[in-house]
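Observations on chain architecture
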Amino acid sequence: MSILRVALDVPLATLFDYLDGGRHAEVGSRVLVPFGRRQIAGIVLEKPEQSQMAQERLKPVLAVFDGEPTLSVETMRLARFCAEYYHYPVGQAVMSVLPGRLRDVKPALPEIQIGYRLTDSGRHVGIDALPKQALLQRKLWLALAQAEALDQAALAQLAAGWRGAFKVLRAKGWVEAVQLDAPLPPPVPFQPVPPPTLNADQQAAVDAIGAQLDGFGVWLLYGITGSGKTEVYMRLLQAALQQQNAQVLVLVPEINLTPQLEGRFRARFPGETIVALHSQMSDGERLRNWRLAESGRARIVIGTRLSVFTPIPHLKLIVVDEEHDASYKQQDGMRYSARDVAVMRAKQAGIPVVLGSATPALETWHNAQAGRYRLLTLTQRAVAQAQLPDIVCLDAKTPLLRDGLTPALINALRERLERGEQSLLFINRRGYSPVLLCSACAWVAPCHRCSSRLVVHLRQRRLKCHHCGHEERMPLQCPSCGNPDLHPAGQGTQRLEATLAELFPEARILRVDRDSTRRKGALEGMMTEVHGQRVDILVGTQMLAKGHDFPNLTLVGVVDTDSALFSPDFRAAERLFAQLMQVAGRAGRADKPGQVLIQTAFPDHALFHALRRHDYAEFAATLLNERQMAGFPPYCFQALLHAEANHFEPVRDFLNDAVDQAHNFAHSVTVYDPVRPALARLKGMERAHLLIQAESRAALQGFLQSWVPLLAKHKLAGKLRWSVEVDPLEV
Ligand code: ADP
Ligand code: ZN
Ligand code: ZN
């Protein structure tokens, strides 16, 4: 009897053998299996000749979910590779790449897939065969007679109690089920946009990559915002799609950016089926798009990080836009970097991958400098008149600050208002103010579940933890000393909005942050307002920094950056530079020159020197130099072991033992002592981690291969949450 080796969503680094039991499961089939007392879904990864277990101990699978797509060999291979590289249980790695519906223990075919129609006999007997008083039956019959087939949703719309009447018709053999084809998204009406003539840089990039579409290669497309990277992607997609049946995958960092890009792609490729994949879709929608990709029907797949695992049988090209963006990093479960997985995937598939950015991640830049990735540079803005904005630092040490705004910034805002131009004020903190402070005893409102402070949301008179979501009413007096004089201290988007409303009562101000855009479609609505010139001043967080193009925006003000300049995190400066370049890119995109004013107490910092000259390469060289001297990535390779529990003792004991075990065979890596992260308590969990550092990837991987299985066997391993993170971004 044949044996099935199955991936299951359980935290053990192994696969599980079952008997086929005559059900004819294939490699890649989804099956239902008994596991302990439960029944769970899994994927058949192999059909081995024999099992390590005695045949009589193997149990048969309970069901094979027939009619569902099987997981492709390539996708399984990619997931298994990631399980090894990220030291994550193989079954969980495979299961985590599936859309939610395919992890359920029931058939995943969405209801919409099944339709009903009259059988020949049902049509033949005619409506008069139905009793006169059976109104519902007659109604269903009529509707079915008029349609080719109807799905459950359509039937339910006819009458809430349709099921009873439907059963009668079905029992008589007058109705049958049919499988409907997955409906495609409706075509979008469009005005075909003639593609622009490429400039020399763009043409060189398209030629270079276009000449090597038939093999693996990593290309870094480096060019400031507006230099025409997206135009280059589109030409490459077009070239790749000329191959028969070819499909392409485009990764974007933010859900908010998918509709925009989708719109541009639809206008350029009106005949192609384009699908998006991201986590804010309903399970049904996501499964449908996943299947469109998997069946080869969708030729362009756009998605956020999770879509890097989408099965795409004829994949010919991968594009990773804004490759430096931190949202490509998955921060729980399997902690992968979608950019790095995209590179691995391209290598497995033997196809090119294009990484695009104005401010590449230092790791990527380093790879390009070393010749492992091929660098292509777009040196200027694509639209001839669009000049680079002028970047100026404003000394924030001046005593004339009004609620955090310097007089120079206020004047600049006034000028824009008078000229009818738009401004954007950037501050990376939502809420009214980051702390609530007692003026008498210096008490600050803490979160009881996290080692963090509660953020003041003044209009709702509530305090909120931005780490765990905890909320409470603002106290009327200090819980510590009884003083009623409690101050919101520091700036957030809401406070800035209020200050501006006082300064410029006539201005139309719009705040864009996670709070104001929670509703579905809210952000798009706001962007329409901005484009329609119904907004004078935009106040917002980094949500505004990405991708949006505002032709009439001529001023960008950056209110508060300095905390990032001296962060203990060695990547903070790199991230700040990328963020400021990106917000600066919002100014002066069309024919009006833009200005960027940055308030800082440290205008002489190297970061601002490079920023004023729009010189990423200069700053990258400085940073790489520092990293090399300090022995930080990309000049070394790191992994973290995270642990957390309700109490600190098991965390401490587990990590201390992990250090001891590591020392037994840590010849080629450095093992650091456990430390507590800045957020030592999160959601009521006590946290700590320890850092492993190696001079080569191979040394790090070799060490982890011996060490991680020992951790899994530790007596505390089942009593706390622990995880390994390879290539962490926050150390
Ligand atoms: P990026 O992706 O680098 O930010 P885009 O590709 O979005 O840049 O280009 C910025 C703007 O310039 C877009 O409005 C685009 O249509 C336009 N554009 C791009 N390439 C050209 C070109 N060769 N000639 C004229 N306009 C161009
Ligand atoms: Zn007090
Ligand atoms: Zn909290």
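Now for a look at the structure at hand. From a predicted model like this one, the values you see are computed outputs, not experimental measurements.

Turning next to the coordination of the zinc ion (ligand 2). For the zinc ion (ligand 2), the full set of protein donor atoms is Cys-438 (SG), Cys-441 (SG), Cys-478 (SG) and Cys-481 (SG), and the range of their distances to it is 2.2 to 2.4 Å. Around the zinc ion (ligand 2), the 4 donor atoms sit at angles spanning 106 to 115 degrees, and that spread fits a shape best called tetrahedral. Sequence positions of the donors to the zinc ion (ligand 2) reduce to the motif C-x2-C-x36-C-x2-C. Pair noted here: Cys-441 is in the loop between strand S18 (435-438) and strand S19 (455-457) and Cys-478 is in the loop between strand S21 (471-473) and strand S22 (486-489), with a separation of 37 residues, a long-range link.

Let's shift gears to the site of ligand 1. Surrounding ligand 1, one finds 17 residues, the nearest of these being Thr-197, Gln-202, Gly-226, Thr-230 and Arg-264. Thr-197 is positioned such that a nitrogen or oxygen atom in its backbone is 2.7 Å from a nitrogen atom of ligand 1. For ligand 1, a nitrogen atom lies 2.8 Å from a polar atom in the side chain of Gln-202. Sorting elements by how many residues they give to the shell around ligand 1 places helix H8 (residues 229-241) first, with 3 residues. Grouping the constituent residues of the shell around ligand 1 by class yields 5 nonpolar, 8 polar and 4 charged.

Counting across every chain of the model gives 34 salt bridges. Close ionic contact of Arg-416 with Glu-421 constitutes a salt bridge, the shortest N to O distance being 3.8 Å. Side by side, Arg-416 and Glu-421 carry an identical accessibility label, which is buried. By sharing partners, the salt bridges in this structure join Arg-5, Asp-17, Glu-46 and Arg-80 into a single network.

Let's shift gears to the environment of Arg-453. Looking at where Arg-453 falls in the secondary structure, it is placed in the loop between S18 and S19. Considering only alpha carbons, one finds Arg-453 and Ala-154, 299 residues apart in sequence, at a separation of 50 Å. Setting aside chain neighbours within four positions, we find Arg-453 in contact with Pro-434, Val-435, Val-444, Ala-445, Pro-446 and Cys-447.

With that settled, consider the sheet that holds strand S15 (residues 374-378). By way of backbone hydrogen bonds, the strands of a sheet pair with one another, either parallel or antiparallel. Pairing in this open sheet of 7 strands is parallel, and the strands run S11-S12-S10-S13-S14-S9-S15 from one edge to the other. Two strands in the sheet have a free side with no partner beyond their single neighbour: strand S11 (274-277) and S15. Ignoring which end each strand starts from, the neighbouring axes of this sheet average 20 degrees apart. Pairing geometry for strand S13 (residues 315-320) and strand S14 (residues 352-357), over 3 bridges, is parallel. Bridged to Ile-318 within S14 is Val-353. Its contacts with the sheet place helix H7 (residues 200-210) against strand S9 (217-223), S14 and S15, and it is angled at close to 155 degrees to S15.

Reading the values: rules and limits
- Residues numbered from 1 in each chain as written.
- Chains lettered and ligands numbered in written order.
- Predicted model: local features only at pLDDT ≥ 70, side-chain atom pairs only at ≥ 80, totals over all residues.
- Heavy atoms only, no water.
- Donors = N, O, S within 2.8 Å, 3.2 Å for Na, K, Ca; no water.
- Tetrahedral: all angles 85-135°; square planar, octahedral: opposite > 155°, others 65-115°.
- Helix = DSSP H or I, 4+ residues; strand = E, 2+ residues; numbered from the N terminus.
- Near = heavy atom within 4 Å.
- Polar contact = N/O pair within 3.5 Å; in protein donor to acceptor, adjacent residues only side chain to side chain.
- Nonpolar A, V, L, I, M, F, W, Y, C, P; charged D, E, K, R; others polar.
- Salt bridge = Lys/Arg side-chain N within 4 Å of Asp/Glu carboxyl O.
- Buried < 20%, exposed > 50% of the residue type's maximum accessible area, 1.4 Å probe, protein only.
- Contact = heavy atoms within 4.5 Å.
- Pairing = 2+ DSSP bridges.
- Axes fitted to C-alpha atoms, helices over the stretch in contact; angles between N-to-C directions.

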